[in-house]
Every structure is written in structure tokens, then in C-alpha cells.
Amino acid sequence: MFFPASLIIVGAHYLTFISLYGMWLYGALAGALVAVGAASIFLLPDLRDISGWIGALVFLAFAAPLYLTYRASATSEMTLP
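A brief report on the enclosed structure follows. Keep in mind that this is a model prediction, so the values were computed, not measured. (Residues numbered from 1 in each chain as written. Predicted model: local features only at pLDDT ≥ 70, side-chain atom pairs only at ≥ 80, totals over all residues. Heavy atoms only, no water.)

This brings us to the overall build of the protein. Of the regular secondary structure elements, the protein holds four helices and zero strands. Helices and strands in the protein line up, N terminus first, as α-α-α-α. For 81 residues, the compact-globule formula gives about 12 Å, and the C-alpha radius of gyration of the protein, at 15 Å, lies well above that figure. In the protein, which comprises 81 residues, the share counted as buried stands at 27%. Partitioning the contacts of the protein with sequence separation of at least 6, the portion at a separation of at least 24 is 63%. Counting every atom, the protein has about 5600 Å² of accessible surface; 74% of that belongs to carbon and sulfur. (Helix = DSSP H or I, 4+ residues; strand = E, 2+ residues; numbered from the N terminus. Rg over C-alpha atoms; globule rule 2.2 N^0.38 Å. Buried < 20%, exposed > 50% of the residue type's maximum accessible area, 1.4 Å probe, protein only. Contact = heavy atoms within 4.5 Å. Areas by Shrake-Rupley, 256 points an atom, 1.4 Å probe, with all protein chains shown as cover.)

See below:
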């Protein structure tokens, strides 16, 4: 139960990044982490043992889009007069 509960807590933690950084992609990341954690607890108890690995895959899936979004916003801020 540790890893599914941790996924829910960490997913909720990423919700604050939406307003801090103005990137809605953090909301998708938070939703995915909370969904994996909740599904592991309530729907598919067999996933509890590997939910930490599934969470790591979710982070890896979001790493490139988050970086590219950040890079695009940083580039657009540099071009402003």
C-alpha cells in the first residue's frame, strides 16, 4: 500500500505546479499519477507491488513533453522586447 498511496500524494503535489509555472501539463501528470495510485488501491490490487515502477514509467513519459514545453516558454520569453 505504500507505493500506491505515495503516487496519490505525489500526484496531488504536482497540482500546485499548474499555478506556479503556468503549465497545464502538470495537471495531466498529476491526474495520471493519482489515477495509477487509486487504481492500484481500489480496482487492481495485483498492481500494488509494481505500482512504483508504473509511476516511474509515467514520470518518464512526461519528462520529454514537460522539458519541451518549458524550453518553448523560455525561448518565447527571451524574444520579448
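Don't stop here, the text continues.
A few words now on the nonpolar core. Counting residues in each nonpolar core, the largest one holds 13 residues, and the members touching the most others are Tyr14, Tyr26, Leu29, Leu33, Val58, Phe62 and Leu66. Here this core gets five residues from one element, more than from any other, and that element is helix H3 (residues 25-43). The residues touching tyrosine 14, leaving out its near neighbours within four places in the chain, are Tyr26, Leu29, Ala30, Leu33 and Phe59. (Core = buried A, V, L, I, M, F, W, Y, C linked by side-chain atoms within 4.5 Å.)

Within the element layout of this structure, serine 40 appears in helix H3. Given a relative accessible area of 0%, serine 40 falls into the buried group. In terms of polar contacts, serine 40 uses its side chain to reach the backbone carbonyl oxygen of valine 36, at 2.8 Å. (Polar contact = N/O pair within 3.5 Å; in protein donor to acceptor, adjacent residues only side chain to side chain.)

Next up on the list: a nonpolar patch on the surface. Residues Phe42, Leu43 and Leu44 make up a contiguous nonpolar surface patch of about 380 Å² in total accessible area. By the element assignment, leucine 44 lies in the loop between H3 and helix H4 (51-79). Its relative accessible area of 45% is what places leucine 44 among the partly exposed residues. (Patch = residues over 30% accessible without salt bridge, like charges linked within 9 Å, V, L, I, M, F, W, Y side chains within 5 Å. Salt bridge = Lys/Arg side-chain N within 4 Å of Asp/Glu carboxyl O.)

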